[in-house]
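Okay, here's what each chain looks like letter by letter:
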Amino acid sequence: HFPPIGRVIMPRPAMCHTSSLQTPVDKDQALQVSESDLMSLARSLLQAWSDPLVLLSSSASALPHPAQSTIFNKIQEMQQYSKSLKGGLDVLSSKMGSSAQAITSLPYRG
């Protein structure tokens, strides 16, 4: 977690399981990446965060927090959005060709 510091770009923590992905840092860089590579990157990130969301969901009910039910509901909502987004990206990538369908496997180790 990084506190907001205006528009300063903070580096990703190296301990994050997705830190090895080369992601564009701004709009100009994103515009230089092919559409199929961006699709592959988005699908890889989405896939990489599915296991942590499941783990968070399963442990949220034991959180000693006054807003426990709100947190659990938000996690469930995120999982539904993620599932919907995955379905949409799968449809789009299937129409874009094999390079857009590539997913970099980034296993979550806790």
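Since this is a predicted model, take the numbers as computed values, not measurements.

A short note on the overall build of the protein
Broken down by element type, the protein carries five helices and zero strands. Its helices and strands taken in sequence order, the protein reads α-α-α-α-α from the N to the C terminus. In the protein, 60% of the contacts between residues at least 6 apart in sequence involve partners at least 24 apart. Counting only carbon and sulfur atoms, one obtains 60% of the accessible surface of the protein, whose full area is about 8,200 Å².

With respect to the side chain of Ser57
Mapped onto the secondary structure, Ser57 falls in helix α3 (residues 50-60). Note on Ser57: relative accessible area 11%, which makes it buried. Dropping the residues within four chain positions of it, Ser57 is found in contact with Phe72, Ile75, Gln76 and Gln79.

Points about the packing of α3 against helix α4 (residues 68-96)
Close contact between α3 and α4 brings their axes to 9 Å; oriented N to C, the two are set at 155°. One element, α3, and the other, α4, form an angle in the roughly antiparallel class. In this structure, α3 crosses over α4, and the sense of that crossing is left-handed. In this structure, α3 uses Leu53, Val54, Leu56, Ser57 and Ala60 to contact α4, whose residues at the interface are Gln68, Phe72, Ile75, Gln76, Met78, Gln79 and Ser82.

A look at α4
For α4, spanning 29 residues, the distance from its first C-alpha to its last is 41 Å, which sits close to the expected 42 Å at 1.5 Å a residue. Where the residues of α4 are buried, they touch α2 (35-48), α3 and α5 (98-101). Of the residues flanking the end of α4, it is Gly97, one or two places downstream, whose phi is positive at about 110°.

Describing the environment of Gln76
With respect to the secondary-structure elements, Gln76 resides in helix α4. Along the primary structure Gln76 and Leu53 are separated by 23 residues, whereas in three dimensions their C-alpha atoms are 8.8 Å apart.

A few points about α2
For α2, built from 14 residues, the straight-helix expectation of 20 Å at 1.5 Å per residue is met to within 8% by its first-to-last C-alpha distance of 20 Å. Among the residues making up α2, those that are buried are Ser36, Met39, Ser40, Leu41, Arg43, Ser44, Leu46 and Ala48. Summarising the contacts, the buried residues of α2 are in contact with α3, α4 and α5.

Points about the pattern of salt bridges
Applying the stated criterion across every chain yields a total of three salt bridges. Asp90 is the partner of Arg43 in a salt bridge, and the nearest nitrogen-oxygen pair spans 2.9 Å. Of this pair, Arg43 sits in helix α2 while Asp90 sits in helix α4, placing them 47 residues apart in sequence. Relative accessible area serves as the criterion here: at 12%, Arg43 is assigned to the buried category. A salt bridge links Asp90 to Lys86; the shortest N-O distance between them is 2.8 Å. Of this pair, Asp90 and Lys86 both sit in helix α4, four residues apart, which is roughly one turn of the helix.

Parameters and conventions
Residues numbered from 1 in each chain as written. Predicted model: local features only at pLDDT ≥ 70, side-chain atom pairs only at ≥ 80, totals over all residues. Heavy atoms only, no water. Helix = DSSP H or I, 4+ residues; strand = E, 2+ residues; numbered from the N terminus. Contact = heavy atoms within 4.5 Å. Areas by Shrake-Rupley, 256 points an atom, 1.4 Å probe, with all protein chains shown as cover. Buried < 20%, exposed > 50% of the residue type's maximum accessible area, 1.4 Å probe, protein only. Axes fitted to C-alpha atoms, helices over the stretch in contact; angles between N-to-C directions. Parallel < 35°, antiparallel > 145°, perpendicular 65-115°, else oblique. Left-handed = near helix turned anticlockwise from the far one by under 90°. Expected span 1.5 Å × (residues − 1). Salt bridge = Lys/Arg side-chain N within 4 Å of Asp/Glu carboxyl O.

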